[in-house]
Amino acid sequence: MVTRPPAGRSVQGRRRRSRNGSADGSRFFYPALLAPAVVLGLFVIGYPLYLIIDASIRDVGLPNMAALNSAPVTGANFTALGSDPLFRQALWVSLLYTLGGTLPAFLLGLGTALLLNRRFPLRRIFRTLTLLPWAVPSVVCSFLFLWIVNASYGVLNYLLLRAHLITQYVPWLASLRWSIVGVIIPTVWKSYPFFTLLILAALQVIPVELYEAAKVDGARAWATFRRITWPGIQNAAYLALVLQLLWTFREFEIIYPITAGGPANTTQTLAIYLYNEVFQFFHMGYASALGVVTVVICVAIVVAMFPLLRRTLWRS
Amino acid sequence: MHYAKVRLLACAGALALAITACGSSGGGTSASGSVTLDFPSWQENEPGYAQFYQSMISEFEKNHKNVKIHFYEVTYDNYVQTITTRMAAGNPPDILVLPLTSYAQFAAQGELAPLDSYLNKTDILSSWSPLQKSLEVNGHYYNVLMQGAGFALYVNKQILAAHHLSIPTTVPRLLSECKQLTGSGNYGIAMPTAQDPSAFNDASLFISGEGQSVLSGTSYDLTSPGVESAISQYRQLASCAAPGLVSDQMRQVYFSGKAAMMLDGTFGLPNIETEGTASVKKNTVMVSFPVPHQVSYVSSTLSIPASIPDSDKQLAWDFIEQCTTPASQALFVKDIKSPAPRVSVDSSADIPFGSVQTAAVNGANMIPDNPKFVQNYTEIDTDFGAALSKLVASKAAVGPVMSQLQQQLPPVG
């Protein structure tokens, strides 16, 4: 015996098929809507990526696209990377800068988000003020800190000296030891509001009842954070961390105006090194190889973080 | 079905329109036949240079009725990058002013038009500063020297007098006086102490000024006692300057009266006039830098991109040639207050500290006569800057740093 569906359901089903285009031949409609975005994506992302990979295996000087196809194919750009001490130094500086710029920003962002989630007078104004650095253009931020950490006239040295934390002015940006700190400080200042914003948004959807129940059960602050707050915000925190790690790894706008990679290349990240190779030395092929390596490292960061993201984001 | 196809076509049409809209039409010739020559320069807004080039453009446009020159500023920090990007896009300017750091690089990359056939019809090669000879790349000239420069010591007489010191005439005395003048927020000298593009220039002043050379034949000679001694002098002088400053910042230190002396190019006087305090302006004198031999270098050149149409090349050359006439060169001296590259135009009497400037500009070229050195100058300059900033910022011994630098520099043999 065959059970027929009710007449009404059958009509609805036909109508649904008709709308999604699988039954009346208009199944190309949705792909067609997506097509412009896909084509533009391929044009603005795929084609430059292809050009970079193509240039990385060619002996080409000035970045002249017309001359690219006629340039001889070579693997020398990648083999040269292996024996280039400046590349190794730039890679190390990039890792140091990425971790140094991201982790303190994360902790600062987490702290301010927890603070701003509490009720206190003028909270809205403080929320706005806290997020302001994120709105400041990177170059403006660089010049701001260029003067703040200036060795002779900077307010940072003045305050530290008045607080008896230093005995003489520190040439932050001219010192081989401290220059990396000199570019990390503005990076942290510029990027922590991003963490604040995402974590604060996550904090606001944690049910208040959970905290009330924890209070009734006599949970201490750390246990409350570990058992209720962190599980509630970890999805947003992990995503923000991955994004910020990638952005900081490729950062150029903050470092270049402040130190241009100096002194003695102690702040020369891969991005700065790549820029110099193209625009100062006209080593387009070598710079493209550096670019390919940078992309590979960024992909590796995402792949390394993928299990973490899968556990959190996908589960949610 | 039919409706779906229409929507698909509409989407494709919109995409095609969007892509078409992204494109732009270029070209220097309008439908009416008038031509506009594109001429970006970092000097467009600099005192003296702006007046000179505006005069040149007015005269050129008067003699070429259908031709306009679009002269506009691209800041020095972004200039080479902008030109490089435009070259890469196949859309270079029509007239190029190039600094020391890149004139040979662009020529070696085949981006500049050879000017030999034009130059052979003029007296430029025979009546120009000897620095013009150094512009030869692979047996051809691609640039016309527009300004040579030398080094000068700018001295604030008032500060020296307050310390009962006189203007130094030797390097040891300069070092000694700078040490005495440094302290309590004041500095003996203003000079770049960060990783700065002018680091090689400043070090070369000491190396060439002491009669040494960074090259011995076709190899580097950075570990010779003479070069190491010169670099040590440079380092001692830098220790009397405010740390971590690039060129613009070090000038501000001098302009504000915080430094007693300043090491800068001979072209620095107009900046003191416009930016210095009244006291600094009144008390500044320019003297020869107290090295045994004066040192000069190419400050700026004019050239023509290889990829522009021949008709535009001829117009661009007409403009360059106009800038080289004796009358234009006299105007150059008057406006820019710097010696002209045409040697027959005597500028000593017409510009402030004329004899000092002339002696400096006529000094030995700091760039060694080695084609590969010239073509790799930017890379050498950058590597030198990194090594010198390491010496300035640390107590590392000169010998090992110069030895490491020597291994790192691009080959010149």
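The rules behind each value
Within each chain, residues carry numbers counting from 1 in the order of the written sequence. Key to labels: chains lettered from A, ligands numbered from 1, both in the order written. Note on the predicted model: pLDDT of at least 70 is required for a residue's local features to be given, and 80 or more for side-chain atom pairs to be given and counted; whole-chain, interface and lining totals, by contrast, use all residues. Strands are runs of DSSP state E lasting at least 2 residues, helices are runs of H or I lasting at least 4, and numbering of each runs from the N terminus. Three classes are used. A residue is buried when 20 or more other C-beta atoms lie within 10 Å of its own, exposed when 12 or fewer do, and partly exposed in between, with C-beta atoms placed from the backbone. The contact rule is simple: place each C-beta atom from the backbone, and if two of them lie within 7 Å, those residues are in contact. Nonpolar cores are identified as sets of buried Ala, Val, Leu, Ile, Met, Phe, Trp, Tyr and Cys residues joined via C-beta atoms within 7 Å. The source of the domain bounds is an automatic or database domain assignment. Note on residue classes: Ala, Val, Leu, Ile, Met, Phe, Trp, Tyr, Cys and Pro are nonpolar, Asp, Glu, Lys and Arg are charged, and everything else, Gly too, is polar. With axes taken as lines fitted to C-alpha atoms, and helix axes fitted only over the stretch in contact, angles between N-to-C directions fall between 0 and 180 degrees. Each angle gets one of four labels, with under 35 degrees taken as roughly parallel, over 145 as roughly antiparallel, 65 to 115 as roughly perpendicular, and the rest as oblique. Crossings are classed by handedness, with left-handed meaning an anticlockwise turn of the near helix from the far one by less than a right angle and right-handed meaning a clockwise turn. For two strands to pair, DSSP has to find at least two bridges joining them. Every residue gets a pLDDT, meaning the predictor's confidence in that residue, from 0 to 100.

### A word on the overall build of chain A
Turning to step 1, where the next piece is worked out: Helix and strand content of chain A: 14 helices and zero strands.
Turning to step 2, where the next piece is worked out: The buried share among the 316 residues of chain A stands at 33%.
Turning to step 3, where the next piece is worked out: Sequence-distant contacts in chain A: of pairs separated by 6 or more residues, those separated by 24 or more amount to 69%.

### Brief notes about the nonpolar core
Turning to step 1, where the next piece is worked out: By size, the foremost hydrophobic cluster in this structure holds 183 residues, and its most contacted members are A:Ile199, B:Ile189, B:Ala190, B:Ala203, B:Ala241 and B:Ala259.
Turning to step 2, where the next piece is worked out: When residues in this core are grouped by element, the largest group, 13 residues, is from helix H9 (residues 179-203) of chain A.
Turning to step 3, where the next piece is worked out: Split by domain, the residues of this core number at least three in each of domain 1 (35-148 + 298-361) and domain 2 (150-296 + 367-408) of chain B.
Turning to step 4, where the next piece is worked out: When residues no more than four places from it in sequence are discounted, the contact partners of A:Ile199 are A:Gly109, A:Leu110, A:Ala113, A:Ile233, A:Ala236 and A:Ala237.

### Digging into the interface of chain A and chain B
Turning to step 1, where the next piece is worked out: With 33 residues of chain A at the interface, the matching set in chain B holds 30 residues.
Turning to step 2, where the next piece is worked out: Of all the elements in the fold, those that place two or more residues in the side of chain A that touches chain B are helix H2 (29-56), helix H3 (65-68) and helix H13 (270-279) of chain A.
Turning to step 3, where the next piece is worked out: Considering each element in turn, the side of chain A that touches chain B owes the most residues, six residues, to H2(A).
Turning to step 4, where the next piece is worked out: For the side of chain A that touches chain B, the class distribution of residues is 22 nonpolar, eleven polar and no charged.

### Let's talk about the packing of H9(A) against helix H11 (residues 221-249) of chain A
Residue and element names in this part refer to chain A.
Turning to step 1, where the next piece is worked out: H11 packs onto H9 with a crossing angle of 155° between their chain directions and a minimal axis gap of 8 Å. With respect to their mutual orientation, H9 and H11 come out roughly antiparallel. For the crossing formed where H9 meets H11, the hand is right-handed. In this structure, H9 contributes Thr187, Ser191, Phe194, Phe195, Leu198, Ile199, Ala201, Ala202 and Leu203 to the contact, and H11 contributes Gly232, Ile233, Asn235, Ala236, Ala237, Ala240, Gln244 and Thr248.
Turning to step 2, where the next piece is worked out: Considering only residue class, the contact of H9 with H11 consists of eleven nonpolar, six polar and no charged.

### Notes on the domain arrangement of chain B
Interfaces are often described in size by the accessible area the parts lose on coming together.
Residue and element names in this part refer to chain B.
Turning to step 1, where the next piece is worked out: Its domain assignment divides chain B into domain 1 (35-148 + 298-361) and domain 2 (150-296 + 367-408).
Turning to step 2, where the next piece is worked out: Every contact between the two is made by 22 residues of domain 1 and, on the other side, 21 residues of domain 2.
Turning to step 3, where the next piece is worked out: Put simply, the parts of the chain that give the side of domain 1 that touches domain 2 at least two residues each are helix H4 (103-108) and helix H16 (354-361).
Turning to step 4, where the next piece is worked out: When residues of the side of domain 1 that touches domain 2 are assigned to their parent elements, the largest contribution, five residues, is made by H16.
Turning to step 5, where the next piece is worked out: Residues belonging to the side of domain 1 that touches domain 2 are distributed by class as follows: eleven nonpolar, ten polar and one charged.

### Considerations on the environment of B:Gly150
Residue and element names in this part refer to chain B.
Turning to step 1, where the next piece is worked out: Within the secondary structure layout, Gly150 lies in strand E6 (residues 143-156).
Turning to step 2, where the next piece is worked out: Here Gly150 falls in the buried class, since 27 other C-beta atoms lie within 10 Å of it.
Turning to step 3, where the next piece is worked out: The sequence separation of Gly150 and Pro410 amounts to 260 residues, and the corresponding C-alpha distance is 26 Å.
Turning to step 4, where the next piece is worked out: Leaving out residues up to four positions away in the same chain, Gly150 has contacts with Thr266, Gln294, Val295, Ser296, Ala360, Val361 and Gly363.

### Looking at the pairing of strand E10 (residues 259-265) of chain B
Residue and element names in this part refer to chain B.
Turning to step 1, where the next piece is worked out: The buried fraction of E10 amounts to seven of the seven residues, a majority that puts the element mostly inside the structure.
Turning to step 2, where the next piece is worked out: Examined bridge by bridge, E6 and E10 share five bridges and lie antiparallel to one another. Paired with Val155 across the bridge in E10 is Met261.
Turning to step 3, where the next piece is worked out: Here strand E7 (residues 187-190) pairs with E10 via three bridges, running parallel. The residue bridging Tyr187 from the neighbouring strand is Ala259, located in E10.

### Describing the environment of A:Tyr238
Turning to step 1, where the next piece is worked out: Among the structural elements, A:Tyr238 can be located in helix H11.
Turning to step 2, where the next piece is worked out: Considered as a pair, A:Tyr238 and A:Ser83 are 155 residues apart in the sequence and their alpha carbons are 35 Å apart.

### Observations regarding the confidence of the model for chain B
Residue and element names in this part refer to chain B.
Turning to step 1, where the next piece is worked out: Here chain B shows a mean pLDDT of 89. Residues at 70 or above account for 92%.
Turning to step 2, where the next piece is worked out: Averaged over each element, pLDDT in chain B is lowest for helix H1 (residues 2-22) (45) and highest for helix H8 (residues 171-181) (97).
Turning to step 3, where the next piece is worked out: Across residues 1-6, confidence stays below pLDDT 50; counting only partners more than four residues off in sequence or on other chains, it has six contacts.
Turning to step 4, where the next piece is worked out: Every residue in residues 8-27 is under pLDDT 50, and counting partners more than four places away or in other chains gives ten contacts.
Turning to step 5, where the next piece is worked out: Scored as a complex, the prediction yields pTM 0.80 and ipTM 0.75.

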